[in-house]
Each structure stands twice: as structure tokens, then as C-alpha cells.
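Next come the chains, spelled out residue by residue.
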Amino acid sequence: MTALDERHGEHGEGAHGGASPRSGGTLGSRVVPLSRPTASLPLLTGSKAAHLARAARAGLPVLPGFVIPYAPADPGDLGDPCDLRDLSRAWAELSRHGARSLVVRSSSPQEDTEESSLAGRFDSVLDVRGWEEFRAAVRTVLGSARGPDGDSAPMAVLVQPMLRARVGGVLFGADPVAGRTDRMLVSAVRGGPDTLVSGEQPGTSHWVSRWGRLLRTESSDGGVVLTGAELRRLARLARRAARVFGGPQDIEFAFDEDGRLWLLQSRPITAMGPRPPRGARLLGPGPVAETLPGRLEPLEEDLWVAPMARGLAVALGLGGSASRRRLRSAPVVVAVGGRGAADLRLLGAVPPRHRWLAWLNPAPGARRLGAAWRVGRLTSTLPGLATDLVADVDRRLVETPPTGDLPTVELISTLRWTRSVLVSLHAQEALAGALLPEPRVTAAGAALATLTESRYRDRSLPDHQVVAAEPVVLALTAPSLWGDLRLPPPEPVHRNGASATASAGPAPRLSPEAALAPASSHSPSARPAPTADDRGDTTAPLPSARRAGPVSPGALPPREALRLRVRWVQELQVRLVREAARRLLVRGVLGEARRVGLLRWKELVTALETGGLPEDFAERLPRAASAPLPDRFRLAEGGVVVADRATGPSGAGDGNGGRGVSGGRGAGTVWDGEGSGPPDAVLVVRTLDPALAPLLPRVTGLVAQTGSPLSHLAVLAREFGVPAVVGVDDAVRRFPPGTRVTVDGGTGDVRAEGS
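This is a predicted model, so every value here is computed, not measured.

## Comments concerning the sheet that holds strand β18 (residues 665-671)
Strands belonging to one sheet form pairs held by backbone hydrogen bonds; the direction of such a pair is parallel or antiparallel. The strand order across the open sheet formed by seven strands is β17-β21-β20-β19-β18-β22-β23, and the pairing between neighbours is mixed. The open sheet is flanked by β17 (659-662) and β23 (749-752), the only strands paired with a single partner. Pairs of neighbouring strands in the sheet enclose a mean axial angle of 30°, with direction left out of account. Both strand β22 (residues 740-744) and β23 contribute to a ladder of four bridges, which runs antiparallel.

Here it is as C-alpha cells:
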């Protein structure tokens, strides 16, 4: 079959080159045929009609029709009798005196623009028959220009024949979900495209190359509605439309019963999903979340993430795992939206992209050869180095007076020491993990046994008193400048008084510091809301070995001893920062002590030394609640998180059948759209009803049981940057209002909190 856009002139009377209304066509006319040059003026005929007129003049397959141009007047006013005669004449000619049904569509200059589509915002009326029914349809379209706030948008009315379509759908000249311009996305249903764009039917989706080669198909019912030849014709139509309008288009199309292809609407793609640049690093929270599981404030990033990154870079450089140039160009650990993430390839958590290229590349081998002698010597000397470092840290903790007694100069100096020593601790801990045998005893295990024994002796003892008596239990907690220090609940105790953990033997009596252990699965996964400080005041004794009796630094294996000291030093930092905040509050520099977390490290030092704050400090706000990071992801422009497709099927969630249609991630409380809704609402509905559009600006996520990535509401979700997932089985029942959920619009994953 010859492609329709090549044989456009063969469409006969139905094509734009056939008969069309002869009325008017001047700027002052009440009827403007699409074939007239003035129909291409968006301010006169609206964007939708202007685009179709422009496409028709370029030879694209557009149905004939006319436009009732925009005229400032009350909605529903059809003008004077002379204008009415022109309109009646145009209607009679296009409808064949009522024998052919029409479609009456909105066409506003404010819709279908490069900035916003306003998809589904205004009304259209299908299958209009008879003169009176036509006049009522025009009034309906004009009336939809009035918004809920009483303001009216400028509105023209587009009138075309009602097409009896065999197949209809939406064609995107790019993949708006994945942000790719090298392929196209087609969604189609049997009949016209209206049930697809309204969200009633999910349709069958096809991903095709720019030349129409089928790449992938997803269908809710397994049916095939488009042939390979039709997909190629659609790809050609998309390429031609892109040339006409200067970029990829969002096109509504239909094939009639005779196999002819029609362009029903064309508008710019207003929102493309984020796409990481080529070569973007593969990141993941795994190794870091064991130590820093929650969301961090800026000062916490500088105190804990930055030293970890520097320490791991030292370890990787010594071990020859990466070149120094690469380690200098990008930190091993970064903070993404206040959450720690590591470069998974640098840490060896994922294989290289091209194994055979990595095998042929001589640089890693040469680098490791140069590092071999260092590694060999480190393996034998590392236990001694770790012992010395642990002893130095313990000695400094013992010698540090209560933070309230420190002069400001010494407080700053002590904070500088903590950042420096954390680099050494992290470096040696990483080397110990790579070079030394896996320890049989962990700091977290020893801490859990100690906590169980302490709870057995006195179950009413507050957590901060347990920490003061047995600082090793800090290994079970994550650092936080202002969060409560909460220990996990005690383990079950046997009848003889010994816990299951403690029965293996007495726990080593150590000083605190081990939230970094991979065995720290007991660490809280979320940071509690800040409340009053339950760590005790800043004059309380610091965690150290002195209250645990004589301690041998070798009581734990080297790696675990180092991890424990990391946690102790972090706890010292917490107390130092709280004391610094207290002093800034007393001096009137800060209005609220907890806002100290919004400072960066250098800004904190400047505030303590000079009393000055950054100019924008008053506008800084605490970070809002956010979803946890995906297991594997890359960063797009602007730091947007894009989940790696290797974490699940492309466009499908894990276990819930969802398909991501608007990228991004959000967390919040499920809302069904009734009433006022929570401030962090995630809208969960059955279908992508365009009537829900006014709710999108105020929600943090959208989940629907059915829907297409090219439906009106999905398009609007991308415009507003709202993460959206469709095709989630039984979503309304599984996620009732009030449920806390996380929505990933990239992978299609929807998870209830705690699942």
C-alpha cells in the first residue's frame, strides 16, 4: 500500500484539497476555512487550528474544516445575524446539510504551545448532528473557556468532519518518558483516539526507531492494532511534522476504514523525561546507606559524606583500583538530595560495561602492578597501623574535655581534627575490608549483645544513659545532629537470663563508633523527627574507652575497631556542633539552634569566628521529605535522579505491573482526590481522568490502575514534573487513603512504606 502522506492528493473530497467551506476568510470574518492563510494565525484561530492549517499547507493529511475565530465576547454569543448566516452556510457545506456528523473542538491560543499543552483542559464535542445541536456544541466549547476562578481564556472553535476511525492513537516523535529523541512512541486503540487520551483505555504501545523499525511492544490485552507498514507510515508522518514545526511533535492520528492516515492534531512535546548524559556515573546508596541511612542536612554532608569520600579515594588509589586522575575528577561518595550515594563502578559493586575492553586495557594492569608492592606491604602492616590509629583516637577522646568547657578556638580546632581523622579511619577501614580476612566478630554484634545485657539488668534505663554506660551500643545507631538517639528494642531473653546473642560469650567492652558496619542492619532506616536532645547536655562525658575499663585496641578485629571509632568521632561532632549552635544562639547570630544544620562547614567556622552568616541564610529551608534513592541510578541535568533500568523491566515496576509515564520520584500520603487532601498527597485513582488536571500542581505523585503514557493527564504530569505511574494492578484497594507510599515515575515502581 502506498503511504498515505505520499498519496495525499488521492484522499479526494475528504482531504484538505477537496471541497471546503467558501465563507469568509478575512480577519473580520466569523468563519475562517482551514485552507486560508489567516487560519495559521494562533491569536485568531487558536493554536490547535493554526497548527492544523500549517500542516495542511505543508501537504500533511489534514481533514477539511473551518474555525470560528476568537472574538472577545460572552461565551456562547454567536454574533449578529449576518455572522450567523455565514456560520450556517459553512456548517451546511461541511456537514452536507446535516447528513455528515461533525466534531466541534476547542482551539485556544493558550493550549498546544511549547510551554504548556493544557491537554484536556477545554471541552470538545463529538458526533454533532443538526444545526441546533451544532449551535449547542459551539456554546459548550466556548463555555469551557471559563475557569473555576471566573477568568476566561481566549477561545476559538474548530469544526471538522467526524472521522469513523478503524484505529486511532497518539504518536510522539520522541520518547517523552525516557527523554530519548532517537526513537518514537506510539499508543493506539481500536476506534478513535479519544478513549486513549482520556485515559479510559491504556492502548497498545509501540516503541519504534526514527524509520519505523519496531523496537518493543507493550499491550494490556495482548492485541495488535497496528501493522509494521502502518508503523512505518506513522514514523514518516512524525519526521515530516518535525520538519514542518521545527521539532518532534505530539500527534493525534487515525486510520479510517479505507486505510487512510489522518493527522487530527499536532503540538510540540512540552515535557521530556530526564535523560542522563552519555557516560554518567552509576550511583547507588548501598554501601553508604549502611552508615548514613537518612536524609542529611548540608552541614551533615560536610561532616560525614565529604570525609568518607576522601578516605575511600585514598584507599582506592593505594589499591590501584582507579587512577588518581579519575579519583580527583569525581568523588567516590556524593550527596544527592541530602542522601549519600557511592560510585558503584569505582567500588567494584557492578562489573565494567565492556568486560573484553577492560581485559584488553593495559592501564589497570599497569596501575595494579605499580600498586602491588604497596598492597603486599599493607596487608602485613595494616593491623598495626589500625591499632595505632585506634589508640590515637581513643587518647584524643579521653583528653577532650566536655564540649561546654572548650573555648571557641579549641572547639573549631577539635571539629577540624574530627574531619581529618575520619578520612584516615574511612581509608583504613576500606583497606582492611579489602585486604584482611573477614572478621568473625563485628562491632554491631558486640553492641547488640551489650545492649541486651544492659536491658536485662534494667529495662527502664533511658537510651542516653545506656550509651553513657556502654558507648559500644552507638554502633547500632546512625549519626544525626538533631534527631533522637534511639536504640533498637532488646532481643528476646531466655529463661536463664541470657539472650540469644549474648549466649555466644561476653561482649568486648569498648568505646563507641560503629554505625558504618555492613552488619548494621539494626540501624534505623529513617531519621526520627527532631525533638529535644536526649543525648544529654554538652557537658556530659564524651564517648571513650575510659568508662569501659582498660581496653585493648585489638579487642575487635581491625576493621570493626575502625568502624567503631568512626561512630564515636561522629558522636563527638554532634556534641561539638550542638555546643556551637548554642553559642551562636546566645550571641544572637542564630534565631534557632537547629538551623545550624543549614550551614556549610566553612560557613559554620566563619559564623563562630566572626558572627557572620551567608546573605541568603534567612531564605534557606530544611530539606523536604523525599523518597529513598533507587538501588542504582544516574544523574541527569540539574541533578535529577534517573533510576537505572537494570533494576527492573523497562517501564515496569517490581511486582505491581506499573509503567512509569512521568519521570521523577516522590514520597507522600495516598489521597483519593476527595476533600482537601494531605499536604504531601499522592493521588491514587482508577483512570487518568482529565478532570483531575487541576489537582496536579498540588500532588507529589500520581498512580492509576489504567492509562497510557500519551494520555492527556500523563502529558500534564510531565509538564508539572509530577512522578506518575499507570497500570498498577488494584492500586485503589492496595493503597487506601492515608498509606505512605514511594512513587518512581522512571521505573514504574510504587511501594508502600515498610514493604
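## Details of the side chain of D463
By the element assignment, D463 lies in helix α13 (residues 463-469). A polar atom in the side chain of D463 sits 3.0 Å from the backbone nitrogen of L487. Beyond its immediate stretch of four places on either side in the chain, D463 contacts R455, L485, R486 and L487.

## Looking at helix α14 (residues 558-586)
Given 3.6 residues per turn, any residue in an α-helix points the same way as the ones three and four places further on. Here α14 contains 29 residues, and its C-alpha end-to-end distance of 42 Å stays within 8% of the 42 Å for a straight helix at 1.5 Å per residue. The buried fraction of α14 amounts to 24 of the 29 residues, a majority that puts the element mostly inside the structure. Positive backbone phi, approximately 80°, marks G588, located one or two places after α14.

## Considerations on the packing of aromatic side chains
If you walk through the whole model with that rule in mind, you get four aromatic pairs. Geometrically, the ring pair formed by F253 and F255 is edge-to-face, given 6.1 Å between the ring centres and 80° between the ring planes. Judged by its relative accessible area of 0%, F253 is buried. Put simply, the rings of F66, W91, W131 and F134 touch in pairs and so form one group of aromatic residues. The ring of W417 carries R396 above its face, with NZ or CZ at 4.7 Å from the centroid. One Lys or Arg, R595, reaches over the ring of F617 and ends 4.7 Å from the middle of that ring.

## Let's talk about the nonpolar core
Of all hydrophobic cores here, the largest spans 73 residues; its most connected members are V333, L425, V596 and L604. Among the secondary structure elements, those contributing two or more residues to this core are α7 (298-319), α10 (362-399), α11 (408-435), α12 (443-457), α13, α14 and α15 (601-610). In terms of residue count, the dominant contributor to this core is α14 (13 residues). Those residues within four positions of L604 in sequence are excluded, and the remaining contacts are L299, L415, A580, L584, V596 and L599. In this structure, A56, V186, A235 and I251 belong to the second largest nonpolar core, which totals 34 residues.

## Some words on the pairing of strand β6 (residues 165-172)
Taking burial as the measure, the eight residues of β6 include seven buried ones, the bulk of the element. The pairing of β6 with strand β10 (residues 249-256) spans seven bridges and is antiparallel. Counterpart to F172 in the pairing with β10 is D250. Where β6 and strand β7 (residues 183-190) come together, six bridges link them in antiparallel fashion. Counted as the bridge partner of F172 is L185 from β7.

## Some points on the packing of α11 against α14
Where α11 contacts α14, the axes come no closer than 9 Å and their chain directions differ by 160°. Considered as vectors, α11 and α14 are oriented roughly antiparallel to each other. Once α11 is placed against α14, the crossing between them reads as left-handed. For the contact of α11 with α14, the class distribution of residues is 14 nonpolar, eight polar and seven charged.

## Points about the pattern of salt bridges
One pass over the full model with this rule turns up 36 salt bridges. Between D484 and R486 there is a salt bridge whose closest N-O contact spans 3.0 Å. Of the residues examined, D484 reaches a relative accessible area of 12% and is grouped as buried. For R486, a relative accessible area of 48% corresponds to the partly exposed category. One network of salt bridges, in which partners are shared, links E301, D302, R600 and R623.

## Considering the pairing of strand β9 (residues 214-219)
Pairing analysis gives five bridges linking strand β8 (residues 204-209) to β9, with the strands arranged antiparallel. Bridging from a neighbouring strand, T204 pairs with S219 of β9.

The rules behind each value
- Residues numbered from 1 in each chain as written.
- Predicted model: local features only at pLDDT ≥ 70, side-chain atom pairs only at ≥ 80, totals over all residues.
- Heavy atoms only, no water.
- Pairing = 2+ DSSP bridges.
- Helix = DSSP H or I, 4+ residues; strand = E, 2+ residues; numbered from the N terminus.
- Axes fitted to C-alpha atoms, helices over the stretch in contact; angles between N-to-C directions.
- Polar contact = N/O pair within 3.5 Å; in protein donor to acceptor, adjacent residues only side chain to side chain.
- Contact = heavy atoms within 4.5 Å.
- Expected span 1.5 Å × (residues − 1).
- Buried < 20%, exposed > 50% of the residue type's maximum accessible area, 1.4 Å probe, protein only.
- Phe/Tyr/Trp six-rings, centres within 6.5 Å; stacked < 30°, edge-to-face > 60°.
- Lys NZ or Arg CZ within 6 Å of the ring centre and 35° of its normal.
- Core = buried A, V, L, I, M, F, W, Y, C linked by side-chain atoms within 4.5 Å.
- Parallel < 35°, antiparallel > 145°, perpendicular 65-115°, else oblique.
- Left-handed = near helix turned anticlockwise from the far one by under 90°.
- Nonpolar A, V, L, I, M, F, W, Y, C, P; charged D, E, K, R; others polar.
- Salt bridge = Lys/Arg side-chain N within 4 Å of Asp/Glu carboxyl O.

Coordinates in, geometry out; function isn't part of it.
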